[in-house]
2 protein chains.
Amino acid sequence: MSTHLPESQPLAIKVPEPTLRRLPWYLSNVKLLKQQGEQYVSSTQISKEINIDASQIAKDLSYVHLSGRTRVGYEIDAMIEVLEDFLGFTRMHRAFLFGVGSLGGALLQDSGLNHFGLEIVAAFDVNPQLVGQELNGIPIFHSDEFEQRMKEQQVAIGVLTVPIEIAQAITDKMVAGGIKAIWNFTPFRIRVPEEIVVQNTSLYAHLALMFNRLNMNV
Amino acid sequence: MSTHLPESQPLAIKVPEPTLRRLPWYLSNVKLLKQQGEQYVSSTQISKEINIDASQIAKDLSYVHLSGRTRVGYEIDAMIEVLEDFLGFTRMHRAFLFGVGSLGGALLQDSGLNHFGLEIVAAFDVNPQLVGQELNGIPIFHSDEFEQRMKEQQVAIGVLTVPIEIAQAITDKMVAGGIKAIWNFTPFRIRVPEEIVVQNTSLYAHLALMFNRLNMNV
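Thresholds, definitions, all that
Residues numbered from 1 in each chain as written. Chains lettered and ligands numbered in written order. Predicted model: local features only at pLDDT ≥ 70, side-chain atom pairs only at ≥ 80, totals over all residues. Heavy atoms only, no water. Pairing = 2+ DSSP bridges. Helix = DSSP H or I, 4+ residues; strand = E, 2+ residues; numbered from the N terminus. Contact = heavy atoms within 4.5 Å. Axes fitted to C-alpha atoms, helices over the stretch in contact; angles between N-to-C directions. Phe/Tyr/Trp six-rings, centres within 6.5 Å; stacked < 30°, edge-to-face > 60°. Buried < 20%, exposed > 50% of the residue type's maximum accessible area, 1.4 Å probe, protein only. Lys NZ or Arg CZ within 6 Å of the ring centre and 35° of its normal.

**A short note on the sheet that holds strand β8 (residues 181-184) of chain A**
Residues and elements named next belong to chain A.
Then step 1. Strand order in the open sheet formed by seven strands is β5-β6-β4-β3-β7-β8-β9, with mixed pairing between adjacent strands. At either margin of the open sheet sits one strand with a lone partner, and together these are β5 (134-135) and β9 (197-200).
Then step 2. Its contacts with the sheet place helix α8 (residues 164-177) against β3 (93-98), β7 (157-160) and β8, and it is angled at close to 170 degrees to β7.

Here you go:
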């Protein structure tokens, strides 16, 4: 029932961003059903659980070549395998982290990222109390060593957790060194060449949204 | 030039979500300008820095009653004060954290959240090795103690960092106990009554988006 993605081009399917944002919800939902011993699930069942139209779910899943069978629905094992593969959670993506402050240090300690395909192999900072140390087994180098380490280890992803005043300078340095995607945790809107992928995850912007809506309700 | 928000109802302005998402960018941008010794900034200057239309910036800022003067622009100090106040970063919002796993533990150690108005006052877990301990000065209680602690400390925000299989059950417990807003870090789409605020911040969904776009570019 489910077609696996061709090995050679595992992710070369153009999927709209809203679909991409919903796929992890379906994945966590069916993982839960699997734990409960279920083997099949219909889009209607998922729809009830997560409050998204069943037709939207079916459409989203069709992008990754998953289709349900009449009366039986989707095979849960196949769905988990295809979604995890498509979302990139089954391959390790090596990353460097820049800025071992409070948030950077916290991310280094979050081993959960490993289960979702991100392996932070080294961190960079300029603080002499941090350089030369390890955190959760991850070595911390001086920022000046980045270019050298980049030559030794082919790394495509940079995690940006520096203070805002150096966010752009460190971004430029990363791009010049060959980093292809930047996971930006700063509230600063960094500028990059067109071909560089930027994923903004500003916890503070999310906090502001939550505070604002909370106060609207009070 | 800038009107301060009335003290009594600091956040009771209905602002569209896209505007709310952009305001923290303006804030970090003008904080940086202040550090560089600037006193005034025009929407055109901000526009060049962060690549958003100057007219959009002016419109966004007008929602929080900030308006620039001809030829002088916006007064930076006033802009920082109004934005920080509006975004809720100047008041402490007390929160409980549920689930001291890898990510939950990391968040407890991120003191940066304090600077943006979130104070995690206690954490809950069922792991006997964690219950009774402290992390970064924050006490960890058994989950069964939540209702009691809730009566002692009026807390409006719950941070959800539990495994997906108990995400809904813990959400229900939080809501029953009086939590008004949930910061959901799980990839699980939780269901809540209409009046409860949910802010989803799934690091894993963001990772998936980044991996996908990275692979499209390779």
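**Describing the sheet that holds strand β7 (residues 157-160) of chain B**
All names here are of chain B.
Then step 1. Across the sheet, which stays open at both edges, the seven strands sit in the order β5-β6-β4-β3-β7-β8-β9 with mixed pairing between neighbours. Two strands lie at the open edges of the sheet, namely β5 (134-135) and β9 (197-200), each paired on one side alone.
Then step 2. In terms of strand pairing, strand β3 (residues 93-98) meets strand β4 (residues 118-125) through six bridges, oriented parallel. Within the sheet, the bridge partner assigned to F96 lies in β4 and is A122.
Then step 3. Contacts from helix α8 (residues 164-177) reach β3, β7 and β8 (181-184) within the one sheet, and its direction differs from that of β7 by about 170 degrees.

**Regarding the packing of aromatic side chains**
Then step 1. Overall, the coordinates contain 18 aromatic pairs over all chains when judged by the stated rule.
Then step 2. Seen in terms of ring centroids, F96 of chain A and F146 of chain A are 6.1 Å apart; in terms of plane orientation they differ by 85 degrees. Their pairing is edge-to-face. Remark: F146 of chain A occurs in helix α7 (residues 146-152) and F96 of chain A occurs in strand β3; sequence separation between them is 50 residues.
Then step 3. A ring pair is formed by W183 of chain B and F185 of chain B, whose centres lie 4.7 Å apart and whose planes are at 45 degrees; its orientation type is tilted.
Then step 4. The exposure class assigned to W183 of chain B is buried, which follows from its relative accessible area of 0%.
Then step 5. What links up through ring pairs into an aromatic cluster is the set F96, F98, F124, F141 and F146 of chain A.
Then step 6. Looking at R149 of chain B, its charged tip hangs above the ring of F141 of chain B, at a distance of 3.7 Å from the centre.
Then step 7. The residue whose ring lies beneath R189 of chain B is W25 of chain A, and the NZ or CZ to ring-centre distance is 4.4 Å.

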